[in-house]
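Below, each chain spelled out in residue letters.
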Amino acid sequence: MYKMQRKNWMWVGSLVLLVTTMASGDLSQAIRTALSGEFSKAQEQAAKLPAANTKAVAVRQWLSDHAKLTQSALAERQKEYDYCVERIGWAYLADKHTKVFEAKPYYKELRTLVRVDLADGFGDIGTSIGLEDAESKPATEIKTTSLKSIDESLASLTKITTLLAKETDDWAKEFQRELAVYHTQLLALKAAWTAVDTTTKRGRWLGARAVREPHEMLAEGLTDLEVLVAKKAWKVAMYYARQAKALMPKPDKIKLCLWYNTVMRDSETRGRVLIAKAEWIDALTCYNTLESLEPDSKDFKELARTVRRHVRVLQLFSAGSNPRSAAPADDDVPSNGDSGIEEEVDKDFWKEYVKGIDVAMVRRAIGQLSLRYVKPVDFRTLSQAALDGVRVLVKTPQVADTFPVLKDEKKLAKFLKELEREISDVTRKDRVDHTRMCMALNRVLDINAATLQLPVGVVVMEFTDGFLSKLDRFSSMVWPYDVVAFNKNMLGNFTGIGVQINKKSGEYLRVVTPLLGAPASKAGIKAGDLITKVGDVDTRTKTTEKLIKLISGPEGTKVSLEIKRPGIAKAFRVAVPRGAVKLRTVKGWQRRKDGQWDYMLDPKEKIGYIRLTQFTDTSYSNFRKALVELQQQGVQSLVLDLRDNPGGLLFQAVQIADEFLGAEQVIVSTRGRQKPRQAFHSARRGLYQTGDLVVLIDEGSASASEILSGAIKDLKRGMILGQRSYGKGSVQNVIPVQGEDAYLKLTTAYYYLPSGRLLHREVNEKDWGVPPDVQVELTPRQTRRWLSLRYRTDLLQEFDPALLKKDLQAQYQADIQLNTAVMMLRLMKLRRDATPRVAHAAAASKVQFFTE
C-alpha cells in the first residue's frame, strides 16, 4: 500500500514538475517574443499562461499597460496627421480666397484682430511655468493679468464675429467654425485660471498643472485662425505637408493621397514661376517641400541646391535683406503676431564677413582635397560647381543694390561670357586636377578684374562655397569671421549668460531654456521670457547674431536686460553677470535638494537612468561618477538615454563604451581614402559589463552617440530602442589654411561599427546610422510634451515630494520610449531569474540583449 501511495505521489510530483516546467517554458517564450518587439504576439502568448503563475500575471500586466500606451500614442499620431491634412486644406482655401478677402473693407481690421490683438492677448496670458515659479504676490498678478487678457480676447472675438456676420462663402464659414472653437477654448482656460489658488505653494503648483493643457489647446486654436488669414497661405500648406509626411501612418501609400498630389503639383508649378521672378526665398519653400516629399529625386535636390545658393547670396549681399537670417523658407508659418516692426538691415555686414579672406587660403584648401578627402575627388565637377557659385552671385538681381556695377549690362554680359567660356573649357578638358581648379580660380579673378571689379574676398568666398557644397554636408570653410564662434563650439564652454534663445524677424528675443546653474538661471530668467531690450536696444530691431554679440562680453561684467514675462503686466529689468558657462552633459532622473542628480529611476527594482546630452571633455569623468554612485546603490539595470545627443568628442564616447564592454573588443574604426584603418578597442574591465542595458536613440542622435550605441548593438551588449539615428558617421579634420585665422573643415574618413557597417548616411541611401532593435516612434507633439515635463523636473527648486512624484510619473507616462525601455529591463530580469541556465543557453532568442 505504501509503495502504491509513494508511486502515486511520485507521479503527481512529476506531473506538477512537468506543468511548472511547461509554464516556465511558455513564459520564457512570451518574454523572448516581447524582447524582440512583437508586443501583440507576446500579449497573446502571455494570456494563455496559468492565472496562478505570479510572474505570468506580472508579464500580462506589463504588456497590457504597454498596449494601452501604444494604442493611445498611435491614436494621437493619427490625430496629428489628420490635423496637418486639415490645415493644408484650410491653407489652400485661404489661398484661393486671398484676392477676394483682400478686397473686403474689413480685411485689414480682421487680420489685425487675429495676428495682433489675439496673438498679443495670448502672449500676455501667464504660463504654467511662470505660475509655478512665482511667489504669492506675483502669482496673483499673473492670474489677474491672464484673466484680463482672456476677457480682452473674448471681446476681440465679438468684433471678428460682427465683421463676418453677413459672409456666407466657404472660407467665412470655416473661419466662423474655428472662431467658435477658439471661444470655447478661451472659456476653458478662463475657468482654469479662475480656480487657481495663488496663496500657497501647493495651490500654485496644482494650478500650474490645471492651466497647462487648456493653454496648449488655446495655442493650437490660435494657430488655426492664423492659418486662415495667412498672407501667403500656400507656404503654410507646404509646411504642414512636410509635417504630414513625417506623421503618415502608412508612408508607402502617400502617392494615393489628395493632399500630397495637390502640394506636389503646386510646389512644382509655383517654384518655376518664382525662380523666373528671382523670388528666391519663396522658391526655396517650394523646393524644400519637393525635396522633402520626394527625397530620392536628383532633379529636386539639384534645384533646391541652386535655389539655396541664391538665398545664401541674397542674405549676405542684398541691401534689403538681413544677413545670415535663419530659416527663411517658413517665414509665413503662423507665429506670434505681426509686430509691424522690421529688423534693421546691416548693409555693410558683408564687408565685415569677408574681411581677411584671400586667395592663398583657398589655394591651400584646394591642395588639401586630393591629399585628405575621404573619397576620390572629381575636380571637374568641383570646378564646375565653384564657377557656378560665382555665376549665382552675379545672377542674383537683388545683389545689384550692394554692387551697383552689376547694373552695367555691358560689363555684366562680358563677365558672364568669359565665365561661361571657362566653364566650357573645364567641361571639355580631358583631365582636370587640383592645379587646373586653381587655374579656374585665377581665371575668374582675372575676368573680374577686367570687368566688374567686385571685391576679391566676395568672389573667392563664393567660388569656395560653390565647390565645398558639392563635397558633403559637413565639409566647410571656417572663415576668419567665424573662427571665434567655431572655437567656442569645439571647446563646449564659453563666456556669456547661459540661455538658449530663438527669434523671428521683427519679434522679441525669446528664451527657450536657461541653462541650469548658468548666470541667467541664477538671475531668475525663465523659459518663455521675452527679452525686449538689451541695454537700450529694442530686440525686435536686431538680428539674433547682433543680439548675441550685445549680450556676450568679458567675464565679470554685467548686461542689463528688459524682460517681459507672460502674465506680468509690466516689463522689468534684470542685471545679469556674464560668466563662464560650462555645459553639463551627464544628467539623471531627477534633481535632489542639494542640486545634484539622482540617477536611480526605480529604487525598488534598482533601475538606473543616465542621460548624455553631448560629449565634451568632462562627459566621461562625470559619467563614471554617475555609474559609481549607481553601483553603490546596487543598480541591476540601466537606461542610457542618448536621444537628441548631437555627438562631440570621439574619445569621450570610446571611454564611455569601455565601461560596458569586455577587454580588447573593437568599439569603432575609421578609415578613409588616404587614412589607414584605425581601430579603437575597449581597454579594461568596465564598471558595468554584466547588468541589463537599454539604450534610447532617436533621429537627433548623431556622430559620437551613434558610435556608442552602435558598438553596444553590434557587440550585443544591450538593446537599442527608439528611432533610427541621424547617420552622421564621418570624420572631419580641421586643417589650418592660414595659421589660426582660417580653417578647412574637411571630411577625411568614415566611422565603421564593429560589424564593419558604415554609419554615415549617403545620398539616397536606404540604410544608415543605428537602426533600433525595437522601434518606438514619437510624434513631434508627444516629444514636446514629455520634454516640457522633463524641463520642470530637471529644475532645482523647493518642492513638495508628493507633487514631484506626480510630475515624474506624468513625465514617465508621456515618454513612451522610456516607458518601453523600463518594461524591457523588467522582462530581461525576469527571464534571467526565471529561466534555468541550461535551458536559457539552449533557447534560440531572436536577439541576445544582455550578458550573463
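What you see as residue numbers is a count from 1 along each chain, following the sequence as written. Note on the predicted model: pLDDT of at least 70 is required for a residue's local features to be given, and 80 or more for side-chain atom pairs to be given and counted; whole-chain, interface and lining totals, by contrast, use all residues. The basis for every side-chain value is the complete set of non-hydrogen atoms in the structure, without hydrogens or water.

1. Quick look at the overall build of the protein chain
Rule in force here: Think of it this way: any DSSP run of H or I at least four residues long counts as a helix, any run of E at least two long counts as a strand, and we number them from the N terminus. Remark: exposure states derive from per-residue accessible area (1.4 Å probe, protein chains only) relative to the maximum for the residue type, with buried under 20%, exposed over 50%, and partly exposed in between.
Along its length, the protein chain carries 29 helices and 22 strands. Expressed as a percentage of its 852 residues, the buried residues of the protein chain come to 52%.

2. Quick notes on the nonpolar core
Quick note on the threshold: For the purposes of this section, nonpolar cores are sets of buried Ala, Val, Leu, Ile, Met, Phe, Trp, Tyr and Cys residues that join through side-chain atoms within 4.5 Å. Any two residues whose heavy atoms approach within 4.5 Å at even a single point are treated as in contact.
Core analysis: the largest hydrophobic core is formed by 78 residues, its most contacted members being Ile160, Trp171, Phe175, Trp193 and Trp259. Isoleucine 160 has contacts with Leu110, Leu113, Val114, Leu118, Phe175 and Leu179, leaving out every residue within four places of it along the chain. Counting residues in hydrophobic clusters, the runner-up holds 63 residues, among them Val359, Leu387, Val426 and Met477.

3. With respect to the pairing of strand E7 (residues 558-564)
In summary, the side chains of a regular strand alternate between the two faces of the sheet. Heads up, the rule is: Two strands qualify as a pair provided DSSP detects at least 2 bridges between them.
The buried fraction of E7 is high, at five of seven residues. Sheet analysis places strand E5 (residues 530-534) next to E7, joined by four bridges and oriented antiparallel. In the strand pairing of E7, lysine 533 is matched with glutamate 562. Pairing of E7 with strand E8 (residues 572-577), which is carried by six bridges, proceeds in the antiparallel orientation. The partner of valine 559 across the bridge, within E8, is valine 576.

4. Quick notes on the packing of helix H10 (residues 233-247) against helix H11 (residues 258-276)
Going by this rule: The angle between two axes is taken between their N-to-C directions and runs from 0 to 180 degrees, where each axis is a line fitted to C-alpha atoms and a helix contributes only its stretch in contact. The cut-offs work like this: below 35 degrees is roughly parallel, past 145 is roughly antiparallel, 65 to 115 is roughly perpendicular, and the gaps in between are oblique. Here a crossing is taken to be left-handed if its near helix is turned anticlockwise relative to the far helix by less than a right angle, and right-handed if that turn runs clockwise. Classification used: nonpolar for Ala, Val, Leu, Ile, Met, Phe, Trp, Tyr, Cys and Pro, charged for Asp, Glu, Lys and Arg, polar for all others including Gly.
Where H10 meets H11, the closest approach of the two axes is 10 Å, and the angle between their N-to-C directions is 135°. With respect to their mutual orientation, H10 and H11 come out oblique. Pair H10 / H11 crosses with left-handed handedness. Contacts from Trp234, Met238, Ala241, Ala244 and Lys245 of H10 reach H11 at Trp259, Val263, Asp266, Ser267, Arg270 and Leu274. Among the residues making up the contact of H10 with H11, the classes are represented as seven nonpolar, one polar and three charged.

5. So, helix H3 (residues 54-96)
Applicable threshold: To estimate how far a helix should extend, the number of its residues minus one is multiplied by 1.5 Å. The term polar contact refers here to a pair of N or O atoms within 3.5 Å; inside protein, the definition further demands a hydrogen-donor-capable atom paired with an acceptor-capable atom, and it admits residues adjacent in sequence only when both atoms are side-chain atoms.
Taking 1.5 Å of rise per residue, 43 residues should cover 63 Å, and H3 covers 63 Å from first to last C-alpha, within 8% of that figure. Regarding H3, its N-cap is asparagine 53, as a side-chain oxygen of that residue lies 3.0 Å from the backbone nitrogen of lysine 55 further along.

6. A short note on helix H9 (residues 201-228)
As a reminder of what qualifies: Two axes enter the definition of the bend at a residue: one is fitted to the seven residues ending there, the other to the seven starting there, and the bend is the angle between them.
With 28 residues, H9 should cover 40 Å at 1.5 Å per step; its first-to-last C-alpha distance of 41 Å lies within 8% of that length. For H9, the principal kink sits at arginine 212 and spans about 30°; a proline, proline 214, occurs within the next four residues.

7. Some points on the pattern of salt bridges
The following threshold applies: A carboxyl oxygen of Asp or Glu within 4 Å of a side-chain nitrogen of Lys or Arg is what we treat as a salt bridge.
As enumerated under the stated definition, the model contains 51 salt bridges in all. In this structure, glutamate 167 and lysine 104 form a salt bridge, with 3.3 Å as the shortest nitrogen-oxygen distance. Within this pair, whereas glutamate 167 is found in the loop between helix H7 (136-163) and helix H8 (170-194), its partner lysine 104 is found in the loop between helix H4 (98-102) and helix H5 (107-124), the two being separated by 63 residues in sequence. Taking the relative accessible area as the measure of exposure, glutamate 167 reaches 17% and is therefore buried. For arginine 312, the salt bridge is made with aspartate 465, and the minimal N-O distance between the two is 3.4 Å. Remark: aspartate 465 occurs in helix H19 (residues 456-471) and arginine 312 occurs in helix H13 (residues 298-317); sequence separation between them is 153 residues. Residue class for arginine 312 comes out buried when judged on its relative accessible area of 19%. A single network of salt bridges, built from pairs that share partners, joins Arg87, Glu220, Asp224 and Arg781.

8. Considerations on the packing of H3 against H9
The packing of two helices is summarised by the inter-axis angle and the distance between the axes. Interaxial distance between H3 and H9 falls to 8 Å at its minimum, and their mutual angle equals 30°. By the angle between their directions, the pair H3 and H9 is classed as roughly parallel. Residue-level contacts link Tyr83, Arg87, Trp90, Ala91 and Ala94 of H3 to Glu220, Thr223, Asp224, Val227 and Leu228 of H9. Split into classes, the residues belonging to the contact of H3 with H9 amount to six nonpolar, one polar and three charged.

9. Examining the environment of isoleucine 254
With respect to the secondary-structure elements, isoleucine 254 resides in the loop between H10 and H11. Classification of isoleucine 254 by relative accessible area gives buried; the value is 9%. Each C-alpha atom of the pair isoleucine 254 and leucine 293 lies 9.2 Å from the other, and the pair is 39 residues apart in sequence. Those residues in contact with isoleucine 254, other than ones at most four positions away along the chain, are Lys245, Met248, Trp259 and Tyr260.

10. A short note on the environment of lysine 675
Within the secondary structure, lysine 675 sits in the loop between strand E16 (666-671) and strand E17 (678-681). Here lysine 675 falls in the partly exposed class, since its relative accessible area comes to 29%. Note: C-alpha distance between lysine 675 and arginine 372 (303 residues apart in sequence) is 7.7 Å. Setting aside anything within four residues of it in sequence, one finds lysine 675 in contact with Asn733, Thr748 and Ala749.

11. Focus: the confidence of the model for the protein chain
Note the following rule: One confidence number per residue, pLDDT, is output by the predictor and ranges from 0 to 100.
Residues with a pLDDT of 70 or more make up 90% of the protein chain, whose mean pLDDT is 88. Contacts from residues 323-332, a stretch scored under 50 in pLDDT, to residues over four places away or in other chains number 28 contacts. pLDDT under 50 marks residues 837-852. Its contacts with residues more than four places away, or in other chains, come to 33 contacts.

12. Digging into unusual backbone geometry
Positive phi, close to 60°, is recorded for alanine 278, a residue that is not glycine. By secondary structure assignment, the location of alanine 278 is in the loop between H11 and helix H12 (280-293). We classify alanine 278 as buried; its relative accessible area is 10%.

13. Let's talk about the environment of alanine 520
With respect to the element layout, alanine 520 can be found in helix H21 (residues 519-522). Judged by its relative accessible area of 0%, alanine 520 falls in the buried class. Distance in space between the C-alpha atoms of alanine 520 and valine 574 is 9.3 Å, their sequence separation being 54 residues. Contacts of alanine 520, omitting those with residues within four sequence positions, involve Ile497, Gly498, Val499, Ile525 and Val576.

14. Considerations on the packing of aromatic side chains
Rules: Under the pairing criterion, centres of Phe, Tyr and Trp rings, with the six-membered ring standing for Trp, must be within 6.5 Å; the plane angle then separates stacked pairs below 30 degrees from edge-to-face pairs above 60, leaving the rest tilted.
Scanning the entire structure with this criterion turns up 17 aromatic pairs. With a centroid separation of 6.5 Å and 65° between ring planes, the pair formed by tyrosine 81 and tryptophan 259 is classed as edge-to-face. With tyrosine 81 in helix H3 and tryptophan 259 in helix H11, this residue pair connects regions lying 178 residues apart in the sequence. For the pair shown, tyrosine 81 and tryptophan 259 are each scored as buried. For the ring pair phenylalanine 101 and tyrosine 107, a centre distance of 4.9 Å and an interplane angle of 90° mean the geometry is edge-to-face. Each member of the pair, phenylalanine 101 as well as tyrosine 107, carries the same accessibility label: buried.

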